[in-house]
Amino acid sequence: MTNIITHDILVVGAGLAGTWAAMTAGREGVADVGVLSKLHPLRSHSGAAQGGIAAALNNTRPVEGTGKRGPLEQIPPGDEDVDSWELHMFDTIKGSDWLGDQDVIEILVKDAPDILYEYEHMGCVFSRTPDGRIAQRRFGGHSAPRANYSADYTGHVLLHTIHEQALKHGVKFYSEWYCMDLIIEDNVCRGVIALDIETGELHTIRAKAVMFGTGGYGRAWKITSNATANTGDGVAIAYNAGVPLMDMEFVQFHPTGLYGKGILMSEACRGEGGYLRNGDGKRFMEDYAPDLMELAPRDLVSRSEQTEIEAGRGVGGDKMGIYLDMTHLGAEKIMERLPQVRELALEFLGVDIITDPVAIQPTAHYSMGGIPANADCEVLADADGNVVTGFYAAGEVACLSVHGANRLGTNSLLGASLFGRRAGIAMAKFIKDGAELYPINGDPAAASQAQIDHFKSDPIDGEPEKYSRIAAELKLIMTNKCGVFRDDARLREALEDIKALQERFKNARVMDKSNRFNNDVLGAIETDHLLTFSQVIVESGLARTESRGAHSRTDHTKRDDTDWLMHTMAHKNKEGNPDLSYKSVCVYFDRFPPQERKY
Amino acid sequence: MATNNTKEATIRVQRYNPDVDKKPYFEEFKLDVGADTTILDALEEVKGEQDGTVTFRRSCRHAICGSCAMNVNGSNMLVCNRRVEEVLDGKGTVTIKPLPYLPIIKDLVIDRTSFWEQYLRIKPWLVPPDDIPEKEFRMSAEEVKALHDAEQCIMCGACYSACTVVGMGKTYIGPHALLKATLRVMDPRDSATDERLLEISGSDGAYRCHTIFNCIDACPKNLNPTEAIETLRMLAIKRSSFVEARKERQKTLNDPIKH
């Protein structure tokens, strides 16, 4: 038997969602809160977010008479507001291509200003308007300037701020502990199995409430903005434990990843006025989104880029890039508002964006799909809305669904913070209402120990396979066959390829047989997760014979609200394959009925 | 830009697993690198293709998470945003060691316990004034600018483990935590100015700095902890008047900035 630890609340993941939840639960009076993170909490990928966090604060507006794309100024006291939660709500719904649940979106946009001010009161350092309010810039798909920012490292300052607050509230962090397994019996969550990475010891952590804030699954693609940690552990572990996954086919490709690298060049580059140009030097967005141009939503911009590239109008050695041109913005503005992206272009491609355009390409960025949860972040057990007792999810791992088929930039930092806070409140109430510590039967860590032993053993038949090669092949398959554009034939090929890789993975083994800080074993487990959820993505995408948001099929080019205005739910069946069912979308037909999505 | 022109490089890695090795030793790996191959790319290739036991930390790949600070050819740096080509010596070799002055957990993975203890010691969270406005506190562009260095710190430990004072003993608060302290001390919203300046004026604080500037050379974000330490020393000297000025400033924190 493993060592047993107990907590009232255990949070897995220490990014914005997890840390907000833990801090809030502590503040609400639950003293016994633990947070498990496979990295040190401050290494979490929330910190990589750059451009801003959305909230209709009405601090800035375009200078009068300069039109929608004119320069911004602070709104003088007493002047009319230009923004509202209703406008934010409409933009988010339209951005989601009507797949977002409107009841949850309403919470997101109404509570947004409150969470912004709370960050500010906690000491978050924001850029400012001349009269000292939080500065706001434009972002894609938002009809008013509502991206509140700290230069171009907004996620970094938010993450550090909330981590400090969690420390202040006495949250216990398990830094570099890896969640191996989730214990759910009779639809009640009872805890997790965790690996202390430094010692290699397994621990059973029992808790009355468990929350996943484990982030997204972008590492399944070759070109990605995601950190190496974003291997979708949370979705795979939950799915294996019998929890359904929702809308997994919806993966956002960000339009501006550094060419060949995928590293994020913030949307703030375009929010501050940057242009996209094809190989002919043309601002091609005029052919795709004549009104919003470069500030159309990300799915539309990435499709436009991909179309230009496939038509042979790309840039770079293999013509797979597009130019992001900021040379007209001037050194002063770039140094003040985009210092990080300037450094990145210089360091990785040797390009100074002040003087030269930089090559970019669509990069796998954000996972709209994930673990289904309601507005209190209680995880759903089925399409009818029944919940798994004591299991919560928030942030990118969760699918509530506020982002629907396509997330708007700056809504992720908002969603992670706000629903992390709501999860914290909901879990604190659950504990205070008398939640029980449910018993765990048998040796719950046996399966995790067997998994580790398996990777360290010799294959029964044949030669050991390198998991790193299998992961690399999977990423290529997902990029080439399940990327910006999809169709039946390519998705079917992808599914066959993935099944072949799953077969080969049975012989995948590690070279490091030690217990101490064995991230060779972790790499193998993470690869197992990639193979597990990638199959769900492809099968969910194959079934959805329409184009909606980030799921764009060249063989079904139109959105189909008659048959497909619904969420995909995938349950793992006995054979290990996903069984698909569907869940209705919350649409306020009187207020925000589905309409054609044009920009 | 991606290129097909590759050349062979030798990656010389310090290895050490305290459970089995008496002392650290070096191991060499040869691989082809391109013009845009980062040191991290090279380490990933070593681990993925040659030796899965080579152990290091990494995550974001673009110098914002702070995981991958190491010692390369004697200098502390992040390995994710530096290309192999810039660090190869005349023989085409680069030597990678863990951050110095810190206990080794395994290979290139060090134990940052003392680093985080000092971070916690300066109470990194804001202590806000009693009067919280309905909306945001008002701050001027100049006040925000004064916080830029400190707010950009990614807590990688490159400065800490380059500091000779840290090398002599782990009781020193250290450049990272002193830089963090300036984030709070310089912030008009913070109300714990007096307490903070007292803490950093103690025998483990700002006066322990020998002003050797190693921290500046080591910082992968081009920040200046030494300057922050100088600022703290100066403010500590005129602590009472600075605390009074802060109290005065906080009376107008809810008012629009006037120009």
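Conventions used here
Residues numbered from 1 in each chain as written. Chains lettered and ligands numbered in written order. Predicted model: local features only at pLDDT ≥ 70, side-chain atom pairs only at ≥ 80, totals over all residues. Heavy atoms only, no water. Helix = DSSP H or I, 4+ residues; strand = E, 2+ residues; numbered from the N terminus. Buried < 20%, exposed > 50% of the residue type's maximum accessible area, 1.4 Å probe, protein only. Contact = heavy atoms within 4.5 Å. Areas by Shrake-Rupley, 256 points an atom, 1.4 Å probe, with all protein chains shown as cover. Lys, Arg positive; Asp, Glu negative; His and termini not counted. Charge placed at Lys NZ, Arg CZ, Asp CG, Glu CD. Pairing = 2+ DSSP bridges. Axes fitted to C-alpha atoms, helices over the stretch in contact; angles between N-to-C directions. 1 Å grid on protein atoms, 1.4 Å probe; cavity = no way out; pocket = protein on both sides within 12 Å on 5 of 7 lines; lining within 4 Å. Points joined across faces, edges and corners; volume = space filled by probe spheres on them. Nonpolar A, V, L, I, M, F, W, Y, C, P; charged D, E, K, R; others polar. pLDDT = per-residue confidence, 0-100. Phe/Tyr/Trp six-rings, centres within 6.5 Å; stacked < 30°, edge-to-face > 60°. Buried area = accessible area lost by both parts, 1.4 Å probe. Salt bridge = Lys/Arg side-chain N within 4 Å of Asp/Glu carboxyl O. Expected span 1.5 Å × (residues − 1). Disulfide = S-S within 2.5 Å. Arc of directions from axis to C-beta. Core = buried A, V, L, I, M, F, W, Y, C linked by side-chain atoms within 4.5 Å.

### Considering the overall build of chain B
What chain B contains, in helices and strands, is 11 helices and 7 strands. Viewed in the frame of its principal axes, chain B has a C-alpha envelope of about 65 × 40 × 30 Å. A buried classification covers 59% of the 259 residues belonging to chain B. Taking all contacts inside chain B whose residues are at least 6 apart in sequence as the whole, residues at least 24 apart take part in 68%. When the accessible surface of chain B is summed, it comes to about 11,000 Å², and 49% of that surface belongs to carbon and sulfur atoms. Taking the average location of the 36 positive side-chain charges in chain B and that of its 38 negative ones, the two points are 3 Å from each other.

### Some remarks on the sheet that holds strand E3 (residues 69-72) of chain B
All names here are of chain B. The 5 strands lie next to each other as E2-E1-E5-E3-E4, forming an open sheet whose pairing is mixed. Edge positions in the sheet fall to strand E2 (25-34) and strand E4 (75-78), since each of these pairs with one other strand and no more. Adjacent strand axes in the sheet meet at a mean angle of 35 degrees, parallel and antiparallel pairs treated alike. Packed onto the sheet, helix H1 (residues 39-50) meets strand E1 (6-15), E2, E3, E4 and strand E5 (93-97) and runs at close to 110 degrees relative to E2.

### Remarks on the sheet that holds strand E6 (residues 136-137) of chain A
Within a sheet, each strand pairs with its neighbour through backbone hydrogen bonds, oriented either parallel or antiparallel. Residue and element names in this part refer to chain A. If you trace the 3 strands from one edge of the open sheet to the other, you get E3-E7-E6, paired in antiparallel fashion. Unpaired on one side and paired on the other, strand E3 (53-54) and E6 mark the two borders of the sheet. With 2 bridges connecting them, E6 and strand E7 (residues 147-148) associate as antiparallel partners. Its bridge partner lying in E7, glutamine 136 is registered against asparagine 148.

### Topic: empty space enclosed by the protein
Tallied over the full model, the rule gives 9 cavities of 30 Å³ or more. Roughly 790 Å³ of internal volume is contained in the largest cavity. Lining the largest cavity are 50 residues, with His45, Ser46, Gly215, Asn230 and Glu396 of chain A sitting closest to its centre. Every element with two or more residues in the lining of the largest cavity is listed here: helix H1 (16-27), strand E2 (33-37), strand E9 (177-185), helix H5 (233-240), strand E16 (358-367) and helix H10 (411-432) of chain A. Looking at the lining of the largest cavity, its residues break down into 19 nonpolar, 25 polar and 6 charged. Cys163, Cys209, Thr211, Ile212 and Phe213 of chain B are the residues nearest the centre of the second largest cavity, which is lined by 14 residues in total. Secondary structure elements with two or more residues in the lining of the second largest cavity: helix H6 (164-168), helix H9 (214-218) and helix H10 (225-237) of chain B.

### Points about the confidence of the model for chain B
When pLDDT drops low, the exact placement of atoms in the prediction is not to be read closely. Per-residue pLDDT for chain B averages 96, and the proportion of residues at 70 or more is 98%. The ipTM, which scores confidence in the relative placement of chains, is 0.97 for this predicted complex, and the corresponding pTM is 0.97.

### So, the packing of aromatic side chains
All names here are of chain A. Under the defined criterion, the tally for this structure stands at 14 aromatic pairs over all chains. When the centroid spacing of 5.3 Å and the interplanar angle of 50 degrees are considered together, the rings of tyrosine 217 and phenylalanine 533 count as tilted. Here tyrosine 217, found in the loop between strand E11 (201-212) and H5, pairs with phenylalanine 533, found in helix H14 (residues 519-543); they are 316 residues apart in sequence, far enough to count as distant. The residues tyrosine 217 and phenylalanine 533 share a single accessibility class, namely buried.

### A word on the interface of chain A and chain B
If you look at the interface, chain A gives 62 residues, while chain B gives 67 residues. Note on chain A versus chain B: buried area summed over both sides is about 5,500 Å², and carbon and sulfur give 50% of it. Its largest share of buried area at the contact with chain B, chain A owes to Arg43, His121 and Arg516 of chain A, together 14% of the area lost on that side. Joining chain A to chain B, the criterion identifies 10 salt bridges. Residues glutamate 164 of chain A and arginine 184 of chain B are paired through a salt bridge, measuring 2.4 Å at the closest nitrogen-oxygen approach. Mapped onto the side of chain A that touches chain B, the elements with two or more residues apiece are helix H3 (102-121), helix H4 (154-168), helix H9 (339-349), helix H12 (467-481) and H14 of chain A. Among the elements that take part in the side of chain A that touches chain B, H4 of chain A stands out by supplying 8 residues, more than any other. Of the residues contributing to the side of chain A that touches chain B, the split by class is 23 nonpolar, 21 polar and 18 charged.

### Some points on H3 of chain A
Residues and elements named next belong to chain A. Taking 1.5 Å of rise per residue, the 20 residues of H3 would be expected to cover 28 Å, and the 29 Å separating its terminal C-alpha atoms lies within 8% of that figure. By the criterion of burial, H3 is predominantly enclosed, with 15 of the 20 residues buried. Where H3 ends, the next residue or the one after it, glycine 123, has phi of about 105 degrees, a positive value.

### Some thoughts on the state of the cysteines
Counted by the stated rule, this structure contains 0 disulfides over all chains. The thiol sulfur of cysteine 269 of chain A is not disulfide-bonded, and the nearest other cysteine sulfur, from cysteine 60 of chain B, lies at 17 Å. Cysteine 377 of chain A takes part in no disulfide bond, and the closest cysteine sulfur to it belongs to cysteine 399 of chain A, at a distance of 12 Å. Judged by relative accessible area, which is 0%, cysteine 377 of chain A ranks as buried.

### A word on helix H8 (residues 193-200) of chain B
For H8 of chain B, the complete set of buried residues consists of Thr193, Arg196, Leu197 and Ile200 of chain B. Along the long axis of H8 of chain B, the arc covered by the buried residues comes to 95 degrees, so they all point the same way.

### Section: the nonpolar core
Counting 155 residues, the largest nonpolar core has Ile9, Leu16, Met211 and Phe419 of chain A together with Leu43 and Ile200 of chain B as the members making the most contacts within it. When sequence neighbours within four positions are dropped, the list of residues in contact with isoleucine 200 of chain B reads Ile173, Leu178, Ala181, Gly205, Ala206, Tyr207, Leu232 and Ala236 of chain B. Counting 79 residues, the second-largest nonpolar core is a separate cluster that includes Ile452, Leu491 and Ile498 of chain A together with Val109 of chain B.

### Looking at unusual backbone geometry
With omega at 0 degrees, the peptide bond leading from leucine 400 of chain A into serine 401 of chain A counts as cis. Even without being glycine, aspartate 186 of chain A reaches a positive phi, approximately 50 degrees. Its relative accessible area of 71% is what places aspartate 186 of chain A among the exposed residues. In this structure, tyrosine 101 of chain B is a non-glycine residue whose phi angle is positive, near 70 degrees. Position of tyrosine 101 of chain B relative to the elements: it lies in the loop between E5 and strand E6 (104-106).

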